[in-house]
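Given next are the chains, with one letter for each unit.
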Amino acid sequence: VQLQASGGGLVQAGGSLRLSCSASGGTISGYVMGWFRQAPGKEREFVATIVWSDNYGYYTDSVKGRFTISRDDAKNTVYLQMNTLKPEDSVVYYCAASPGLRVGLRKTTDYKYWGQGTLVTVSS
């Protein structure tokens, strides 16, 4: 499956953005979908993940209550709604997919497929 992330851009602190991750070459049903982010010179870190079977999101502590992951299997797309954005959220965001039903996958090595990044910049 190929993943295409989009929706990044420039926003003021406190604002919102919605990232999208569109899949092609296969259906995301049956996949665990995740969002990660990476700052220059740092390791890619987990942001959120969702399982198709229960549609429940798991989040890293720093985004809980601000970000919401969701999926629309009919559109073969996963979203990351980001609210109350902070300057420290300014990094490149990546979507990823892992075949199966395991919940709470948080490591980059858990995921098999990756999209290209989309840059989010939050101005203070």
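This structure is a prediction, so every number in the text was calculated from the model and none was measured.

Across the 6 residues that make up strand β8 (residues 77–82), a large majority, 5, are buried. Note: strand β3 (residues 17–24) against β8, 6 bridges, orientation antiparallel. The residue of β8 that forms the bridge with Leu17 is Met82. Note: strand β7 (residues 67–72) against β8, 6 bridges, orientation antiparallel. Bridge pairing links Asp72 to Thr77 in β8. Where β7 folds back on β8, the antiparallel hairpin that results is connected by 4 residues, among which Asn76 adopts a positive phi of roughly 55°.

A word on the state of the cysteines. Scanning the entire structure with this criterion turns up 1 disulfide. Here Cys21 is linked by a disulfide to Cys95, with a sulfur-sulfur distance of 2.2 Å. Taking the torsion about the S-S bond as the criterion, the Cys21 to Cys95 disulfide, at about 65°, is right-handed. Linking Cys21 in strand β3 with Cys95 in strand β9 (residues 92–99), this pair joins segments that are 74 residues apart in sequence. Of the residues examined, Cys21 reaches a relative accessible area of 0% and is grouped as buried. The exposure class assigned to Cys95 is buried, which follows from its relative accessible area of 1%.

About the criteria used
Residues numbered from 1 in each chain as written. Predicted model: local features only at pLDDT ≥ 70, side-chain atom pairs only at ≥ 80, totals over all residues. Heavy atoms only, no water. Buried < 20%, exposed > 50% of the residue type's maximum accessible area, 1.4 Å probe, protein only. Helix = DSSP H or I, 4+ residues; strand = E, 2+ residues; numbered from the N terminus. Pairing = 2+ DSSP bridges. Disulfide = S-S within 2.5 Å.

These figures come from the coordinates and say nothing about function on their own.
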